[in-house]
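Report on the structure
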Amino acid sequence: MTDPKDNAPGEPVPEDPQPQVEGDATNAAEPEDLIEAEGPDVEVPTDGPAAGGPATDAANDLSPEDQALLDDAARGIAEDNLSTAERDLVAEMRADMLRAQAELVNFRKRVERDREANREVAIAEVVRALLPALDDLTRAEAHGDLAEGPMQVIGQKIRGGFEKFKLVQIGEKGEAFDPNIHEAIVQLPTPGATGQTVADVVEPGYKLGERVLRAAKVAVAVPA
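This one's a predicted model, so the numbers in the text were calculated from it and none came from an experiment. (Residues numbered from 1 in each chain as written. Predicted model: local features only at pLDDT ≥ 70, side-chain atom pairs only at ≥ 80, totals over all residues. Heavy atoms only, no water.)

Things to note about the sheet that holds strand β2 (residues 182–190)
- The sheet built from three strands is open, its strands ordered β2-β6-β3 with mixed pairing. The two strands at the open ends of the sheet, each matched to only one other strand, are β2 and β3 (197–203). Averaged over neighbouring strand pairs, the angle between their axes works out to 25° when direction is ignored. (Pairing = 2+ DSSP bridges. Helix = DSSP H or I, 4+ residues; strand = E, 2+ residues; numbered from the N terminus. Axes fitted to C-alpha atoms, helices over the stretch in contact; angles between N-to-C directions.)

Focus on the packing of helix α3 (residues 84–142) against helix α4 (residues 150–164)
- Closest axis-to-axis distance for the α3/α4 pair is 11 Å, and the angle between their directions is 140°. Judged by the inter-axis angle, α3 sits oblique to α4. The element α3 and its partner α4 pack so that their crossing is left-handed. Residues Val127, Leu130, Leu134, Leu137, Thr138 and Glu141 of α3 touch α4, and the partners they reach there are Gly155, Ile158, Arg159 and Phe162.
- Class assignment of the residues belonging to the contact of α3 with α4 gives a composition of six nonpolar, two polar and two charged. (Parallel < 35°, antiparallel > 145°, perpendicular 65-115°, else oblique. Left-handed = near helix turned anticlockwise from the far one by under 90°. Contact = heavy atoms within 4.5 Å. Nonpolar A, V, L, I, M, F, W, Y, C, P; charged D, E, K, R; others polar.)

Focus on α3
- The terminal C-alpha atoms of α3 lie 83 Å apart, and with 59 residues this matches the ideal 87 Å at 1.5 Å per residue to within 8%.
- Along α3, the positions that sit buried rather than exposed are Ile123, Ala124, Val127, Leu131, Leu134, Asp135, Leu137 and Ala140.
- Where α3 terminates, the next one or two residues include glycine 144, which has phi positive at roughly 85°. (Expected span 1.5 Å × (residues − 1). Buried < 20%, exposed > 50% of the residue type's maximum accessible area, 1.4 Å probe, protein only.)

Everything listed is a geometric property; what it means functionally is a separate question.
Here is the structure:
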């Protein structure tokens, strides 16, 4: 404080400044100067449906059959919301898809069937070209040339290779004559014969599976 004695006579005595009291309303900040206080941090749950929680896990645990049922139900609901024209379009597209699938399956079967047929034709042509060599082996065996020695082993290997392709010799003496597998080169009237039978095999025939590569040339016994 200022001592009154230090002031000149007649001068007003200055008032002492008012002490600032902490918390005084006159010293408070204006409302626009206030800063909004931040609230406490709130943890956002991460195990809910939106964050891949139990609901998502449950959806991932569905079996393929259950998922297919859900897909069918969703598809049915979606189709129920379609107009008549849109339903007709969906039905037409579905029919076209099924038709295309059926045509694709038939095409694959046809290609596989043709491939197998071409394979059998190629094998048949190769085997047919080797039949003369097989006839020579048969004649050599009939003369006893294959009874022993290396030729016997070679003949067995050649015949074993043909058997792998299901090559079967046809034409035996005494069997009924069949024009599908036999070629009659001579007819022999035979007393007591009641039908046409193979009296002798001049040249054996061969079948590859169900395909006749060469008919057997035979002499046929006929009733006298």
